[in-house]
Amino acid sequence: MRKKIYLKFKNFLTYYNEYGFKEGYRLYKKLSSSNLDNIHVYGIKHPINLRKNEESDIDVFKQVFIEKQYMPYQYKNPKIIIDAGGNVGLFSVLMKNNFPDAKIITIEPDDDNFLMAEKNLKNYSDVKVLHKGLWSNDVKLKIINEDASKWGIQVVEDNENGKIEATNINTIIKENNFDRIDLLKMDIEGSEKEVFSKNYENWLPKVKILVIELHDSMQKDASRIFFESLNKTWPQYRLFVSGENLVIENLSI
């Protein structure tokens, strides 16, 4: 019993430390309840919705709004943002509230995640939510781990049996008439290995800041392939770690 009380108190403290007693306690009680609709977060314009039966939603929420793994001050007022692996849209929500004039493309292949992302982002302007995966080419993908949590879904290319449309950064740039990408966030569960294996030479030099989580445990040599492509296209860059992510700034543009 004491251990249970201690864990509850410790959990509350994480909210208190970030938002103070009143806002922290209100947020703690809401996220501990069975009703995860209309979550009001201090400083966020519109309420957020999570799924009560999907534990990964709470984990992602904590990463974004409690642990602050994505710190907006690092991103230098981006105007064009791509959120690849958008999950339920929380990174895009954070960015839109900090950079209201930014245009955001959110990419999410999973059906349920996509619907939640649409719900969380529907009240924001200049945000497109694409029900697609990110790949090196415009192909078809299929999920290979159906039982995974909603933030750990992996895909493979399968043009015959795949039901998920995939796009690539070149296509997004062309369709939206972008001349550069100020901020590219990528958390795509190992698919980064494919994205940086080919067809990156034109779009990667146009990226100013790249925020990426690498998944060598899911795809062997993902990190090696990523850094090889980066070193070929970015003459100068600086890098630091933020939570589970690498934040890399292109010093050549």
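The rules behind these values
Residues numbered from 1 in each chain as written. Predicted model: local features only at pLDDT ≥ 70, side-chain atom pairs only at ≥ 80, totals over all residues. Heavy atoms only, no water. Pairing = 2+ DSSP bridges. Helix = DSSP H or I, 4+ residues; strand = E, 2+ residues; numbered from the N terminus. Buried < 20%, exposed > 50% of the residue type's maximum accessible area, 1.4 Å probe, protein only. Right-handed = clockwise from strand over helix to strand, strands pointing away.

K.L.:
What exactly am I supposed to notice about the pairing of strand S7 (residues 164-167) here?
P.N.:
Regular strands place their side chains on alternate faces of the sheet. Pairing analysis gives two bridges linking strand S4 (residues 133-134) to S7, with the strands arranged parallel. Within S7, the residue paired with Leu-134 across the bridge is Thr-167. Pairing of strand S5 (residues 140-143) with S7, which is carried by two bridges, proceeds in the antiparallel orientation. What sits directly across from Lys-140, in S7, is Glu-165.

K.L.:
When you look at the pairing of strand S2 (residues 103-107) in this model, what are you seeing that I'm missing?
P.N.:
The element S2 is largely enclosed, with a buried count of four among its five residues. With five bridges joining them, strand S1 (residues 80-84) and S2 adopt parallel strand pairing. Considered in S2, the bridge of Ile-82 is made with Ile-105. Crossover handedness for the path S1 to helix H3 (residues 90-98) to S2: right-handed. Pairing of S2 with strand S3 (residues 127-130) involves four bridges; the strand directions are parallel. Counted as the bridge partner of Ile-107 is Leu-130 from S3. The parallel pair S2 and S3, bridged by helix H4 (residues 111-121), forms a crossover whose chirality is right-handed.

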